[in-house]
Amino acid sequence: MDVSKDNSIVMKRHIGVTGEGQKKEEQLPSGNDEPKQVENGDVRNDGDGESQTWFGLLPTKTRNEVPLIFREPHINTGFRQPYQPWYYYLLSVFQIHNESVNVLTHLIACLLMFQKVQKFTEAGYDLIGDPYMWPLIAGFIAGFLLYGCSSFAHCFQSKSEYYHYFCFMVDYSAIGVYGFGCALLHFHYSADEEFYYAAKSFFIPVATFMGFFTCFGNMHGKLTYTRPYPFTRKLWQIGSVAAMYAWLILPIVHRFFDCRFYQDERHCDRSINAHLRQVFFFLTSGIFYASDIPQKFFPGCFDIVGHSHQIFHVFIALCSLSKLDAIFLDIQDNYQYIIKRPQPTFLSSFSSLIIIISLEIAWVLYNKQKIMKKAAKEV
């Protein structure tokens, strides 16, 4: 990153808004009080004499005391201070602020996914030695990336304007990878024989494209629009995710229709209810993501716990866990049919995952200059 450019951004920053709503420009101290220079040109603000909290963390701010880019609709308090050292944001995991629940929910989801891995191994499935389990490993990798990158983004996005955008580009990339991972799991373990053989030549390649399109749609919405965001921005993000989900859930939809409308008992097995739960949790999460409910009706009441993005996080985690429970039952009930299919290779199990991760990394790097220009406009 160009340090000289970033320094110019820092020199133009506004560090707050007065009670009358007027911006107050940062006064650079002189002499011994000169601010410390840290990574990528960020100026460390040691709190201007403010009392520090546990671990030496600075107290949180109100929405009028942080730049516009960090504010969230109907959230009035609990904002961490920008332009601090990296350790400040890492240690803020132990501080109460309006991102605490967002970070912790998906860290907990990571731990619960490890528990699901243990469930498969305790049931006797050889995840390493059995090639038929390799797509399952790829699906778990995608899940860990989603929740790890989400926690990373919410933990560090307040550091500066540039890192706000960069962190969420990483988050959006992981969303695309996760969508692909879900498609991979559904196709290999939840699809019936009819769907599997009819779609085996195109389902995974299309899922790879849709995963990248999910990343593209979310990034486009973030980089094209500025706060206060228009609903068009959410249409880009929700639309791309919905298109991905509509594709990855097709094997389940096919089974459900065969079970409910054609009374085919082969498709009415134990996993169908767990799959229906994951669909319910996903749709519910989308409602909370799009609606800003409940804080929209009670501004300031759900700043720390209970606002819509936190509820969205919880339902997405429940969706993932229900999906893994359903996959476990699918493998238990249909393993004798799964092993009659062509044996997965390392290439067929992991190549598309590697491709989509590589494409998304390249897309983030391609947009780096655009991210820097957008961040410069926010100061």
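Above this text is the structure in question.
Position labels on residues start from 1 in each chain and follow its written sequence. Local features in this predicted model are restricted to residues of pLDDT 70 or higher, and side-chain atom pairs are both shown and tallied only at a pLDDT of 80 or more, whereas totals for entire chains, interfaces and linings draw on every residue. Hydrogen atoms and water are omitted, and side-chain values are computed over all heavy atoms in the structure.

## Here's the deal with the packing of helix α7 (residues 203-224) against helix α13 (residues 368-378)
Turning to step 1, where the next piece is worked out: The axes are straight lines fitted to the C-alpha atoms, using for helices just the contacting stretch, and the angles between their N-to-C directions are given from 0 to 180°. Think of it this way: any DSSP run of H or I at least four residues long counts as a helix, any run of E at least two long counts as a strand, and we number them from the N terminus. α13 packs onto α7 with a crossing angle of 35° between their chain directions and a minimal axis gap of 10 Å. Contacts between α7 and α13 involve Lys222, Leu223 and Thr224 from the first element and Lys370, Ile371 and Lys374 from the second.
Turning to step 2, where the next piece is worked out: Residues are grouped as follows: Ala, Val, Leu, Ile, Met, Phe, Trp, Tyr, Cys and Pro are nonpolar; Asp, Glu, Lys and Arg are charged; all remaining types, including Gly, are polar. Classifying every residue of the contact of α7 with α13 gives 2 nonpolar, 1 polar and 3 charged. Throughout, a residue-residue contact means that at least one pair of heavy atoms, one from each residue, lies within 4.5 Å.

## Side note on the pattern of salt bridges
Turning to step 1, where the next piece is worked out: Salt bridge criterion: a side-chain nitrogen from Lys or Arg within 4 Å of a carboxyl oxygen from Asp or Glu. Under the counting rule described, the total for this entry stands at 7 salt bridges.
Turning to step 2, where the next piece is worked out: Ionic pairing is found between Asp325 and Lys119, a salt bridge with its closest N-O pair at 3.4 Å. In this pair, Asp325 is assigned in helix α11 (residues 308-338) and Lys119 in helix α3 (residues 100-122), connecting sequence segments 206 residues apart.
Turning to step 3, where the next piece is worked out: The buried label goes to any residue with under 20% of its type's maximum accessible area, the exposed label to any with over 50%, and the partly exposed label to all in between, with areas taken from a 1.4 Å probe on protein chains only. Looking at Lys119, the relative accessible area reads 32%, which means it is partly exposed.
Turning to step 4, where the next piece is worked out: For the salt bridge of Arg270 with Asp333, the shortest nitrogen-to-oxygen distance reads 2.8 Å. Pair noted here: Arg270 is in the loop between α9 (250-260) and α10 (272-291) and Asp333 is in helix α11, with a separation of 63 residues, a long-range link.
Turning to step 5, where the next piece is worked out: Classification of Asp333 by relative accessible area gives partly exposed; the value is 23%.
Turning to step 6, where the next piece is worked out: Shared partners join several salt bridges into a network, and the residues in it are Lys116, Lys119 and Asp325.

## A short note on the packing of helix α5 (residues 161-190) against α11
Turning to step 1, where the next piece is worked out: Running from amino to carboxyl end, α5 crosses α11 at an angle of 30°, the nearest separation of the two axes being 8 Å. Considering their axes alone, α5 and α11 lie roughly parallel with respect to each other. Along the contact surface, α5 presents Tyr178, Cys182, Leu185, His186, His188, Tyr189 and Ser190, while α11 presents Ser320, Lys323, Leu324, Ile327, Asp330, Ile331 and Ile338.
Turning to step 2, where the next piece is worked out: Residue classes in the contact of α5 with α11 are distributed as 8 nonpolar, 4 polar and 2 charged. Any angle that falls under 35 degrees is termed roughly parallel, while one over 145 is termed roughly antiparallel, one within 65 to 115 roughly perpendicular, and all others oblique.

## Some details on unusual backbone geometry
Turning to step 1, where the next piece is worked out: For the peptide bond that leads from Ile293 to Pro294, omega is 15°, which places it in the cis range.
Turning to step 2, where the next piece is worked out: Following the sequence through the fold, Pro294 ends up in the loop between α10 and α11.
Turning to step 3, where the next piece is worked out: The backbone of His74 sits at a positive phi, close to 70°, despite the residue not being glycine.
Turning to step 4, where the next piece is worked out: Looking at the element boundaries, His74 is found in the loop between β4 (43-44) and α2 (86-91).
Turning to step 5, where the next piece is worked out: Phi at Asp292 is positive, roughly 55°, even though this residue is not glycine.
Turning to step 6, where the next piece is worked out: With respect to the element layout, Asp292 can be found in the loop between α10 and α11.

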